[in-house]
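Fold and geometry: a report
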Amino acid sequence: VRVMVLPRASRNSSCSTPFVCAAQGITDANDPIGKTAAEGLAKGTVIFLDIERMDAVPLAMRQYYQAWTSRVIEDGRFQPAYYAHSFNANLIYNDVKQVLTAAGISSDPPFWISGGGGFAKDKSPSDVGHAFAQVWQGLIDVVKPPTGLGPPTDHNAPPSPPPPGDVPAGRE
């Protein structure tokens, strides 16, 4: 499995409400589309958009991730997917589901949900409280005791397999 890790935005960086808008969502979708294609990854490969937790999701952000979704679908080679905090997941899911439905796509997009209470590695991703969750990241930046040595790691519930016969989000 190839994973491309790009830096996250930090406070006071250019990733802020004035920076995000529909036009930026399109531009930002073109970047991973191009990189995924350049890596030679197969049609249908999932591209995750990292949407960090927000106390309130501004309209500009909603337009940003909806435009990002539309652009990935329009390209047709890859599948839009989302990494989102449990706090914002329902809103984001409902927004992107509307974009997918308008494009004639009936399947749910992949969601990797962070946060939520009661996490255990043997639980199902949907135990986070979102039936659409395919991965649940319940523990973040865990340092291994007793030495505390080694890099912090994240702990995820095992991914849920897609439902039988389900068509991935993308061109059907």
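We now turn to the structure provided with this report. (Residues numbered from 1 in each chain as written. Predicted model: local features only at pLDDT ≥ 70, side-chain atom pairs only at ≥ 80, totals over all residues. Heavy atoms only, no water.)

The next subject is the overall build of the protein chain. Looking only at helices and strands, the protein chain has three helices and five strands in total. Its helices and strands taken in sequence order, the protein chain reads α-β-α-β-α-β-β-β from the N to the C terminus. Sorting the 172 residues of the protein chain into buried and exposed places 36% on the buried side. Taking all contacts inside the protein chain whose residues are at least 6 apart in sequence as the whole, residues at least 24 apart take part in 66%. With an accessible surface of roughly 9800 Å², the protein chain has 56% of that area assigned to carbon and sulfur atoms. (Helix = DSSP H or I, 4+ residues; strand = E, 2+ residues; numbered from the N terminus. Buried < 20%, exposed > 50% of the residue type's maximum accessible area, 1.4 Å probe, protein only. Contact = heavy atoms within 4.5 Å. Areas by Shrake-Rupley, 256 points an atom, 1.4 Å probe, with all protein chains shown as cover.)

Take the environment of leucine 59 next. Positionally, leucine 59 belongs in helix α2 (residues 59-75). Remark: the alpha-carbon pair of leucine 59 and valine 20, spanning 39 residues in sequence, is separated by 9.6 Å.

Once that is clear, we can look at helix α3 (residues 86-102). Residues three or four positions apart in an α-helix share a direction because the helix packs 3.6 residues into each turn. Between its first and last C-alpha, α3 extends 25 Å over 17 residues, near the 24 Å set by a 1.5 Å rise per residue. Approximately 25° is the largest bend angle found in α3, and it occurs at isoleucine 92. Along α3, the residues that are buried comprise Ser86, Asn88, Ala89, Ile92, Tyr93, Asp95, Val96, Lys97, Val99 and Leu100. At its buried positions, α3 is contacted by β1 (46-51), α2, β2 (79-85) and β3 (111-114). Once α3 finishes, glycine 104 follows within two positions and takes phi at roughly 85°, a positive value. (Expected span 1.5 Å × (residues − 1). Bend = angle between axes of the 7 residues up to and from the residue.)

Remember, this is a structural readout, not a statement about activity or role.
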